[in-house]
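Now for the letters of each chain:
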Amino acid sequence: MPKFENLEAIENFNEFIENTALRQNVINWYDFRKLSNILFVGNDYNCIQAFLLKNDRKVTLIENDQEIFNRLKEKYVDINNLKLVNSDLVEFTKNCKIEKFDYIVLATSMNRIGSFVNEENKQSAFIKLLKISKNLLLDNGVILLAVNNKYSIKNFSGARSNDGNSFDIILGRQKEMDVYSKNEIVELVQKSDFGAYKFYYPFPDFKLPSVIYSDEYLPNKNSSKLSYLLYYNPKDTILFNEIEALKEIIKDENLPLFANSYIVEISNNKDNFIKTKFISFNNFRKKENKMITKMYDEYVQKENIFEEGKEHISNISNYIDILKKCGFDVIDKVKDGKVYSEYQNLENLNDVLCEYILNGKKQLAYMTIDNWYKYIKKKFNCLFQNTNENTVFEEYGIDIDSNQKEKLTFLEYGFFDIIFENIFVDIDRENNLNKFLVYDQEWCKKNLPIEFILYRALNNLFYYNPQISKLININELYNKYSIEKYIDVFKKLEEKIQQNLIDIEIAKIYQETYSALTTLEALEDTIYYSKKEIEDVREQYNSFIKTVEATNAKWQEESDKAYARIDELEKKLSEKGNIADEIKKLFKKQ
């Protein structure tokens, strides 16, 4: 059944997207200055909660919709750092001549910006917003806003906005207040008195971002982070896989022009902008495991989103200690409740393997995988178990043949995320591997077979880089390492482990409404036509054909009658002409 054939699931998703805490991802990564004074314009969703989690901020929320304002008053009672104002920006400015703000945030309300500044034209509304903000901001203040891109890859793929048709946004037939091209934003900012701007590129968009890039850090075509989950309007007709198209666009370094959304910083000086250049989220995880990863010039930082995540950070610290005792070069360290790692200019092993395979260097790719597997087996030697009792299979109630089980090598601590994506490699010009650097090791299971780690590494490589499947069959690698007979049981183990880590409710909503697209064939499952719509279209088509046929028959009948009448009139005219000739002859005789 097509993914979007379940209308109930669509309704569930619409409710989900309006109420999920994931909407906070549009701003919860941003490094607001301590003790900052923030003006938050409009609150269509739950983003304001991200501010309220930090009590060192002073927040003024301005909302001109009375119904929304009343809901906010009921929801946020006795919040000391929040001031609610029922007004638009024009009136608010008149009554706010003294107070200045560090930030003005429009994270979800740009679609209503016209009502906040009393302008119907979106370009005029944008410029007026900037002029009003100029008067409300401190000299080092920043505007932070989120909009959709007119020329997004999603729009080009056939996605529709609200009740419009495919390509209406691109062709300018449909005007939306929160839709701008990148060049359009730049021109509008340049017309204002602000001297600087910085773009961020959230994917799949600013509503439910799972990754956010910037011009300082753009993905390469093999980045696994590009395999984000897509979602569409139930009536969209999707023409191609946007992720595969993006990979081609990235080759030509044009991703910023085709990003689905923009998050934009605007200020007097670029020095006022934050230094973050890449952000990623774990949207599927349970609350206690949700993390934000932020990349800076010198380091990468991971932090828990919720208080419940403190224990997870503590576990990571313990895992780092164990891995170092085994002899791994781990670049992560825990400090002040956050995970830090020094920024590396080395290549990721996942990217290296993809490049080898795609460039026809199959044997070099195999040799590199061999070296990685030998490396982790050597380092994990101190964790090898002599017994295969009370293993991870018993823990999850997974049946496995005893003879097969005896041939597996179990680890006391099984770090099942030491996959290619989580390893940097130091490679010289002769393709010699000089060093493996391990990072991002958040997970560990006791009494886990090392062969399962190999399985996960191979499986992730092919899942996130489907293009390599055209050149190498994954089963070939399973056979090479003699794990083909364990694939079914490893799949069950993977499912059990993931079920413990993910938020089941969020995963269910995602699964019901949109699909992870990794191949063009998978895209077909996301194109929605309900049975009723198909029947309606077919009925309309048949009715049209019948009408045309009936009209043609009627036209032919009337046409025949007309020609017959013409013949009749011509005969009569001819007869009258003969009579006239005879009369003329009589007059001539006289």
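Above: the structure in question.
What comes next concerns the included structure.

## Brief notes about the pattern of salt bridges
Moving on, step 1. Applying the stated criterion across every chain yields a total of 24 salt bridges.
Moving on, step 2. The shortest N-O distance in the salt bridge between Asp440 and Lys302 comes to 2.3 Å. Placement of Asp440 in the loop between strand S18 (433-438) and strand S19 (445-449) and of Lys302 in strand S12 (residues 299-304) is noted, with a sequence separation of 138 residues between them.
Moving on, step 3. Note on Asp440: relative accessible area 23%, which makes it partly exposed.
Moving on, step 4. Take Lys302: its relative accessible area is 9%, and that puts it in the buried class.
Moving on, step 5. With a shortest N-O distance of 3.9 Å, Lys338 and Glu303 are connected by a salt bridge. Taken as a pair, Lys338 in strand S14 (residues 338-342) and Glu303 in strand S12 lie far apart in primary sequence, 35 residues in all.
Moving on, step 6. A relative accessible area of 27% places Lys338 in the partly exposed class.
Moving on, step 7. Exposure remark for Glu303: the relative accessible area of 13% places this residue in the buried category.
Moving on, step 8. Linked through salt bridges whose partners overlap, the residues forming this network are Asp31, Lys294, Glu303 and Lys338.

## Notes on helix H17 (residues 450-464)
Moving on, step 1. For H17, which comprises 15 residues, the first-to-last C-alpha distance of 22 Å matches the rise-based estimate of 21 Å (1.5 Å per residue) to within 8%.
Moving on, step 2. Taken as a whole, H17 has its buried residues at Ile450, Glu451, Phe452, Ile453, Leu454, Tyr455, Arg456, Ala457, Leu458, Asn460, Leu461 and Phe462.
Moving on, step 3. Against the buried residues of H17 lie helix H13 (349-358), helix H14 (362-379), strand S16 (410-414), S19, helix H18 (474-480) and helix H19 (487-501).

## Regarding H19
Moving on, step 1. Across its 15 residues, H19 extends 21 Å between first and last C-alpha, which sits within 8% of the 21 Å expected from 1.5 Å per residue.
Moving on, step 2. Every buried residue of H19 is accounted for by Ile487, Val489, Phe490, Leu493, Glu494, Ile497 and Leu501. On an axial view of H19, the arc spanned by its buried residues comes to 155 degrees, and they lie on one face.
Moving on, step 3. Against helix H15 (392-395), S19, H17 and H18 lie the buried residues of H19.

Thresholds, definitions, all that
- Every chain is numbered on its own, with residues counted from 1 as its sequence reads.
- Restriction of local features to residues with pLDDT of at least 70 applies here, the model being predicted, together with a cutoff of 80 or more for giving and counting side-chain atom pairs; totals for whole chains, interfaces and linings are based on all residues.
- Side-chain metrics rest on all non-hydrogen atoms present in the structure, leaving aside hydrogens and water.
- Salt bridges, as used here, are contacts in which a Lys or Arg side-chain nitrogen is within 4 Å of a carboxyl oxygen on Asp or Glu.
- Numbered from the N terminus, helices here are DSSP runs of H or I no shorter than four residues, and strands are runs of E no shorter than two.
- Exposure classes here rest on a 1.4 Å probe applied to the protein chains alone. A residue is buried below 20% of its type maximum, exposed above 50%, and partly exposed in between.
- A helix is expected to span 1.5 Å multiplied by its residue count minus one.
- By definition, residues are in contact when any of their heavy atoms lie within 4.5 Å.
- As used here, the arc is the angular range of directions from the helix axis to the C-beta atoms.

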